[in-house]
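Observations on chain architecture
Residue-level listing of the chains:
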Amino acid sequence: MNPGRSEPVRCHGEGHLTHDIDLVRFSLTVGDAELQLLQSILSEDEAARARRFLQQGHGDRFVAARGRLRQILGGYAGCEPAAVAFDSAAHGKPALRTAAGSREPVHFNLTHSGDVAAVALCRSAEVGIDIERIRPVREGLARRYFAAEEVAGLDALEVAQRLPAFFRCWTRKEAFLKATGEGIRRGLDSFVVTVGADEDPSIVSIDGDRAAGKAYVLADFDAGPGTAGAVCVHAGADRNRVAFKVRDFG
Ligand SMILES: CC(C)(COP(=O)(O)OP(=O)(O)OC[C@H]1O[C@@H](n2cnc3c(N)ncnc32)[C@H](O)[C@@H]1OP(=O)(O)O)[C@@H](O)C(=O)NCCC(=O)NCCS
């Protein structure tokens, strides 16, 4: 886990909010009985979406991801998993629908890649999370989509380091895009993240503005062998008061 490198950290400044971010990792491969249970807590819309997948394996993974998300959010919101209700925020980012007058919202974001998934949750700030399986990519992909500064950073690495660094860059970028909710419509080259193995994860600049990047805190996390994982929080002025905790579901 980063910032820092591999362990959760808690940093305290003076007189500001502390953003506590929980990361819950889980597998999307579940037994039949568990799958049925998860299926039973989905909404009608979700069940219909699961049925639309052409491959059963994809539909089952969707059921597992949504079911687990409901179980996790139910725990945070203090309600039954089946009673969790979603709204769609700007640009389609799913948000928890909270009862009128309820005290604290729970911001969350879900990611899944193959068999692995994770949810980031925070009561005080928007979060975004991404996991990618590290796999061969087409020559020139970074040059086509990433910012020039990131491409230069990747080119400066030893050849053997470039693929993991590419996915480090990708997940950091996507975690930021998912924190803002904008997705790729923002333009992948409109902001710059660090890419070097020895650099702390951070947003270097947004639309050329280096100060704007400081409102976000980025961290890498261990999403399992052969994967890259990153999480991003909109910490505002409280970037030195962000604490990450990682756990596995159950
Ligand atoms: C949703 C999106 C933001 C991320 O998709 P993804 O990386 O393919 O998938 P992930 O598993 O990480 O995230 C999917 C989840 O994000 C959530 N999500 C959907 N829209 C979102 C948005 N606008 N912002 C944040 N989260 C969103 C949903 O919970 C979704 O789960 P679901 O598929 O079960 O509905 C997608 O719209 C997107 O922009 N993809 C970019 C793909 C790409 O080319 N990335 C290159 C990065 S360098």
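Note: the structure precedes this text.
Worth saying up front: this structure is predicted, and the values here are computed from it rather than measured. Along each chain, residue indices are assigned from 1 in the same order as the chain's sequence is written. pLDDT decides what is reported in this predicted model: residues at 70 or higher carry local features, side-chain atom pairs at 80 or more are listed and counted, and totals for whole chains, interfaces and linings draw on all residues regardless.

Moving on, we come to the overall build of the chain. A tally of regular secondary structure across the chain gives 7 helices and 11 strands. With C-alpha atoms as the basis for the radius of gyration, the globule rule is written as 2.2 Å multiplied by the number of residues raised to the power 0.38. A compact globule built from 250 residues should have a C-alpha radius of gyration of about 18 Å, and the chain, at 18 Å, falls within 12% of that. Oriented by its inertia axes, the alpha-carbon framework of the chain measures out at about 50 × 45 × 30 Å. Any residue surrounded by 20 or more other C-beta atoms within 10 Å of its C-beta is treated as buried, while 12 or fewer makes it exposed and the intermediate range makes it partly exposed; C-beta atoms here are placed from the backbone. In the chain, which comprises 250 residues, the proportion classed as buried is 39%. Runs of H or I in DSSP of at least four residues are treated as helices and runs of E of at least two as strands, each being numbered from the N terminus.

Right, let's get into the sheet that holds strand β10 (residues 227-234). Pairing between strands is defined by DSSP: at least two bridges between them are needed. Strand order across the open sheet formed by 3 strands is β6-β10-β9, with antiparallel pairing between neighbours. Looking along the sheet, the strands with just one partner apiece sit at the ends: β6 (127-133) and β9 (216-220). The average undirected angle you get between the axes of adjacent strands in this sheet is 15°. Note that β9 and β10 share 5 bridges and pair antiparallel. Bridging from a neighbouring strand, Asp220 pairs with Ala230 of β10. It is the C-beta atoms, placed from the backbone, that decide contacts: two residues are in contact if theirs lie within 7 Å. Fitted lines through C-alpha atoms give the axes, limited to the stretch in contact for helices. The angle between two N-to-C directions lies from 0 to 180 degrees. Its contacts with the sheet put helix α6 (residues 159-180) on β6, β9 and β10, and the angle it makes with β6 is roughly 150°.

Taken together, 20 residues lie around the ligand, and Lys93, Leu110, Thr111, Lys178 and Gly183 are the ones closest in. Elements with a minimum of two residues in the shell around the ligand: β4 (107-113), β6 and α6. By residue number, the principal contributor to the shell around the ligand is α6, which donates 5 residues. In this count, Pro and Cys sit with the nonpolar residues alongside Ala, Val, Leu, Ile, Met, Phe, Trp and Tyr, while Asp, Glu, Lys and Arg are called charged and the others, Gly among them, polar. A class-by-class count of the residues in the shell around the ligand yields 7 nonpolar, 8 polar and 5 charged. Put plainly, near means the residue's C-beta atom, positioned from the backbone, lies within 6 Å of the molecule or strand in question.

Apart from glycine, the bulk of residues carry a negative phi angle, and the bulk of peptide bonds sit in the trans form. If you check the backbone angles, Asp207 has positive phi at about 50° while not being a glycine. Tracing the backbone through its elements, the reader meets Asp207 in the loop between β8 (203-206) and α7 (210-213). By C-beta crowding, Asp207 is classed as exposed, having 10 other C-beta atoms within 10 Å.

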